[in-house]
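Fold and geometry: a report
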Amino acid sequence: MTLLEIKGLEVELAGKRLLRDVSLGVRRGELFGLIGPNGAGKSTLVKAIAQLLAYRGQILLQGRALERIAARDRARRLAYLSQEDRVHWPISVQDLVALGRHPYRGSWWPGGGSPSRSDRLAIERALEATQVWDLRARRIDELSGGERARARLARLLAVEAPLLLADEPVAALDPMHQLRVMELLQAQCRLGTTLIIVLHDLTLASRFCHRLLLLHQGKRVALGPVEQVLTPENLRRVYGIQALTGVHEGQGYILPWTCEPSVHFAAREGASI
Amino acid sequence: MPNSTSARLNLFLLVLLLSLSLVSLGIGPAPLGLGEVLGGLLGTGAEEERLIVQQIRLPRVVLAWLLGASLGASGAALQGLLRNPLAEPGLLGISASAGLGAVLTLYFGLSAVNLWTLPAASMLFALLATLALYGLTRAGSSNLTLILAGVALSALAGALTSLALNLAPNPTDAQDIVLWLLGSISDRSFDDVRLCLPFVLAGIALLLGARQALEVLALGEAEASTLGVDLVRLRVLVIAGTALSVGACVAVTGTIGFVGLVVPHLLRRFVQYRPGRLLLPSALGGAALVLGADIALRLIDTSRELMLGVVTALVGAPFFLALVLRSRKDML
């Protein structure tokens, strides 16, 4: 069943068209990957879904136009993790994760009171799922990069929204932490959550995502299962690379191997597409 | 639990503030004991004590509360909004702009037209300054941009105030203007308190209304927005709250700096660095600091009484310098 449907999405910023006629559907419980070279429009697409940018076209969540859903209600259905790996004050991990419960707190003065029982349980679940329970009293600025990524992820999970958006959640992590975060996200999907994530790493995308959307210069190049999207032709055309493909433990994977200088140049000039 | 430590901190600051208030009511040319102060305050003491405590010393104490609470709360709120620990109404030129508003109404004789012209001009100028700062620094700019914008704004307001001073037609006007530059809460009556009280209370209420949203803003504007924070409402609350409370105070007390910088900085660790939780303690702590500074300057034996703004600047400027040295790497 389709949870999120996007029809004819166009985004224009300062006279520049960042997305052109993008349409896609994301199914419930899917781990959906957005891939494409730098400047392809991946982050723009995620921000448009999160209602952070003005757009033309339709974005429907369970058949309802997202922009017509009231902000607080929307905040309970859709949670967003930005690319910016930064928390602006050195608050504790626990306090950070608790911010994910903001959409459920009363708006009346003086500050919505203390967290409810369901808030506390959601915070505990998120801390445990991301394995930062033992770090909960630590200050966010005292954590390593991998620990901070998991703490921010816990903040995202604490919202307990059916749809999660994450913009490059593993970009700055070492391989062990990349795998750890991806496995956490995979586990969330198995519990019924739908995830849309922006990824740069094609190997991780092929290893973990159910389906992929390949964007190039704001346009949809391919949409579908990994093997239909990460074809040698698409990789050459969009990324200007050749990749090794293989199957391990019954699962296909790809490994970027060499760049194709002539095609790469053409792609940069925008001539080959 | 953090909740109870925060409540304990507020209680401690409140007790400190009330104790300082009793001390402040007791000291002066005619020193009064605790019993005499309470007697004068409650109206059970001698007529003379009642007069001294209620008419002469109490307005000064109440003004110190209002001024300190305004500066502390708006400092903490601006720091939360701009996500920058160096934001402060004095340092950013908001107080100086409010002072300029007051000086201009004096200079052009508008203050005689209506009692409310002067505070209205102060608040208007504070609002314009806060809007200008916000406009200049909103796109996640660095400490450096913020401070430079503040320096520019302070310099402009200072230059225009000096110009008014320079061109002031007679010495009395010049003296009035100097008062706005130095800042003081001495020799004030309840008429002065009444002039700023409603605006200060309204302003602080607006600032406190931003508590929850400021907490979430620690995640940055994008994530806060997707968590249901209305960014426009948040900005209106903080900017209008600062303009009302600081503007109204400056109209009565002149410009007093650094309170909004020092107080949130000292208290932040006790609220686990949570920007929203910092607001109420900063208001109480600001009131206590201003009152403490006012007591100190009255106890220091100088031939002429020191001005409050001079004392807070003498303490605050080195503090600011130390803060800059510590965050130098971050700034450049």
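Keep in mind it's a predicted model, so treat the numbers as computed, not measured. (Residues numbered from 1 in each chain as written. Chains lettered and ligands numbered in written order. Predicted model: local features only at pLDDT ≥ 70, side-chain atom pairs only at ≥ 80, totals over all residues. Heavy atoms only, no water.)

1. Side note on the overall build of chain A
Across its full length, chain A holds 10 helices and 12 strands. Taken over C-alpha atoms, the radius of gyration comes to 19 Å for chain A, in line with the 19 Å a tight globule of 273 residues would show. When its C-alpha atoms are laid out on the principal axes, chain A stretches across 60 × 40 × 35 Å. Burial statistics for chain A: of 273 residues in total, 51% are counted as buried. Contacts in chain A between residues far apart in sequence, at least 24 positions, make up 65% of those at least 6 positions apart. (Helix = DSSP H or I, 4+ residues; strand = E, 2+ residues; numbered from the N terminus. Rg over C-alpha atoms; globule rule 2.2 N^0.38 Å. Buried < 20%, exposed > 50% of the residue type's maximum accessible area, 1.4 Å probe, protein only. Contact = heavy atoms within 4.5 Å.)

2. Thoughts on unusual backbone geometry
Notably, Glu168(A) is not glycine yet its phi reads approximately 50°, a positive angle. The residue Glu168(A) is located in the loop between strand S7 (163–167) and helix H6 (175–190) in this model.

3. Let's talk about the environment of Gly33(B)
With respect to the helices and strands, the residue Gly33(B) is situated in the loop between helix H1 (2–26) and helix H2 (34–42). Measuring from C-alpha to C-alpha, the distance between Gly33(B) and Leu153(B) comes to 46 Å, with 120 residues separating the pair along the chain.

4. Looking at the packing of helix H8 (residues 190–209) of chain B against helix H11 (residues 231–253) of chain B
A packed helix pair is summarised by two numbers, namely the angle formed by the two axes and the spacing between the axes. Residues and elements named next belong to chain B. Two elements in contact, H8 and H11, have axes whose closest approach is 8 Å; the angle formed by their N-to-C orientations is 160°. Here H8 is positioned roughly antiparallel relative to H11, judged by the angle of their axes. Crossing angle aside, the handedness with which H8 passes H11 is left-handed. Taken together, the residues of H11 that come into contact with H8 (itself represented by Asp192, Leu195, Cys196, Phe199, Val200, Ala202, Gly203, Ile204, Leu206, Leu207 and Gly209) are Arg233, Leu237, Val238, Ala240, Gly241, Thr242, Leu244, Ser245, Ala248, Cys249 and Val252. Of the residues assigned to the contact of H8 with H11, the class counts are 15 nonpolar, five polar and two charged. (Axes fitted to C-alpha atoms, helices over the stretch in contact; angles between N-to-C directions. Parallel < 35°, antiparallel > 145°, perpendicular 65-115°, else oblique. Left-handed = near helix turned anticlockwise from the far one by under 90°. Nonpolar A, V, L, I, M, F, W, Y, C, P; charged D, E, K, R; others polar.)

5. Here's the deal with the sheet that holds S7(A)
Residues and elements named next belong to chain A. Read across the sheet, six strands follow the order S6-S7-S8-S3-S9-S10 without closing on themselves; strand pairing throughout is mixed. The outermost strands of the open sheet, each flanked by one partner alone, are strand S6 (78–81) and strand S10 (219–225). With strand direction ignored, the average angle separating the axes of adjacent strands in the sheet is 15°. With four bridges joining them, strand S3 (residues 31–35) and strand S9 (residues 211–216) adopt parallel strand pairing. (Pairing = 2+ DSSP bridges.)

6. What to know about the side chain of Ser24(B)
All names here are of chain B. Mapping serine 24 onto the fold places it in helix H1. By relative accessible area, serine 24 is classed as buried at 1%. Contact partners of serine 24, with chain neighbours within four places excluded, come to Arg57, Val61, Leu291, Ile295 and Arg298.

7. Considering a nonpolar patch on the surface
All names here are of chain B. Together, Val178, Leu181, Leu182, Val310, Leu314 and Val315 make up an exposed nonpolar region whose accessible area comes to about 470 Å². Going through the elements one at a time, helix H7 (171–182) and helix H14 (308–326) are the ones with two or more residues in the nonpolar patch. Looking at where valine 315 falls in the secondary structure, it is placed in helix H14. (Patch = residues over 30% accessible without salt bridge, like charges linked within 9 Å, V, L, I, M, F, W, Y side chains within 5 Å. Areas by Shrake-Rupley, 256 points an atom, 1.4 Å probe, with all protein chains shown as cover. Salt bridge = Lys/Arg side-chain N within 4 Å of Asp/Glu carboxyl O.)

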